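These are the residues of each chain, in order.
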Amino acid sequence: NAYVNNNQIESVDLPTDQSDVEQLKKADILYMPITPFTPNKAGINVEFQHITSKINLTIELGSEYQFTDKIDQKITDVKIGGTIAKIAYGDDGKGNFIIGAEPEGKVKSITPLCTGTIPFSDNAGTITRASVSYEAILLPQTIASGKFYVSFKVDGKAYDWCYNEALELKATNAYKLH
């Protein structure tokens, strides 16, 4: 699909380093579809929608980290990859705004924001493993089988996970990876 605005393709880069709140906010694009309304004294109701996708990633550590403080510092170099980070947008000539990954955009990796940690606990035999949660904003797009991945290091040891099916990231959807 070509994303055209007045016969021109418009594009902008999505932040690839989303490891701080401000950069994550820059990646979260909102829009309001064309909505007919009648002006009145009550004002205008503006209802924004997200047009990006969200990945909520949780990395759970093994029992060897049960006595470790600051587990988020044990995990480094977290990347979510295989996605195009260049946004193409415009209108379809009928007044509808359309957005997607730039068809000719380069595939890049995203550094997500660390959103929290859960320490190891043993509550009367109910074990909760230590885990760290992350969040990233990605563009709606279809990613070929074997191209979407998550990589990170724990104490310097590299771990890679790859999704071996085609993946369609849809606008307004959040996806959980554990």
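If you're wondering where the values come from, they're calculated on a predicted model, not measured in any experiment.

So, about the confidence of the model for the protein. Overall, the prediction assigns the protein a mean pLDDT of 85, with 92% of residues at 70 or greater. Per-residue pLDDT stays below 50 along residues 1-7; that stretch engages in 17 contacts with residues further than four places along the chain or on separate chains.

With that settled, consider the sheet that holds strand 4 (residues 53-60). Here we have 4 strands laid out as an open sheet, ordered 9-12-4-17, and mixed in their pairing. Lying at the two open borders of the sheet, with one neighbouring strand each, are strand 9 (113-118) and strand 17 (174-177). Neighbour-to-neighbour, the strand axes of the sheet open up by a mean angle of 20°, direction not taken into account. The sheet contact formed by strand 4 and strand 12 (residues 131-138) spans 8 bridges and is antiparallel. Within strand 12, the residue paired with T58 across the bridge is S133.

Moving on: the nonpolar core. By size, the foremost hydrophobic cluster in this structure holds 36 residues, and its most contacted members are I55, L57, I59, I75 and F148. Every element with two or more residues in this core is listed here: helix 1 (21-27), strand 4, strand 5 (75-84), strand 7 (97-101), strand 12, strand 14 (149-154) and strand 16 (167-169). The biggest single contributor to this core is strand 12, with 5 residues.

So, about the sheet that holds strand 8 (residues 107-110). Taking strand neighbours across the sheet as the criterion, the 4 strands line up as 8-5-14-15 in an open arrangement whose pairing is antiparallel. Every interior strand has two partners, whereas the edge strands, strand 8 and strand 15 (157-162), have only one. Going from strand to strand, the sheet's axes swing by 20° on average, the running direction of each strand aside.

This part takes up the side chain of S131. By secondary structure assignment, the location of S131 is in strand 12. Among the residues examined, S131 registers a relative accessible area of 6% and is labelled buried.

With that settled, the discussion passes to the pattern of salt bridges. Under the definition given, this model contains 4 salt bridges. A salt bridge links K86 to D13; the nearest nitrogen and oxygen atoms lie 3.0 Å apart. With a gap of 73 residues between them, K86 in strand 6 (residues 86-91) and D13 in strand 1 (residues 10-13) connect regions that are remote in the sequence. Residue K86 is classed as partly exposed on the basis of its relative accessible area of 27%. A residue is classified by how much of its surface remains accessible, and D13, at 48% relative accessible area, is partly exposed. The shortest N-O distance in the salt bridge between D155 and K74 comes to 3.5 Å. Residue D155 is located in the loop between strand 14 and strand 15, and its partner K74 is located in the loop between strand 4 and strand 5; the two are separated by 81 residues in the primary sequence.

Looking now at the pairing of strand 12. Most of strand 12 sits out of view: 7 of its 8 residues are buried. Of the strand pairs in this sheet, strand 9 and strand 12 are connected by 5 bridges, and their pairing is antiparallel. The residue bridging I118 from the neighbouring strand is S131, located in strand 12.

Rules and cut-offs
- Residues numbered from 1 in each chain as written.
- Predicted model: local features only at pLDDT ≥ 70, side-chain atom pairs only at ≥ 80, totals over all residues.
- Heavy atoms only, no water.
- pLDDT = per-residue confidence, 0-100.
- Contact = heavy atoms within 4.5 Å.
- Pairing = 2+ DSSP bridges.
- Helix = DSSP H or I, 4+ residues; strand = E, 2+ residues; numbered from the N terminus.
- Axes fitted to C-alpha atoms, helices over the stretch in contact; angles between N-to-C directions.
- Core = buried A, V, L, I, M, F, W, Y, C linked by side-chain atoms within 4.5 Å.
- Buried < 20%, exposed > 50% of the residue type's maximum accessible area, 1.4 Å probe, protein only.
- Salt bridge = Lys/Arg side-chain N within 4 Å of Asp/Glu carboxyl O.

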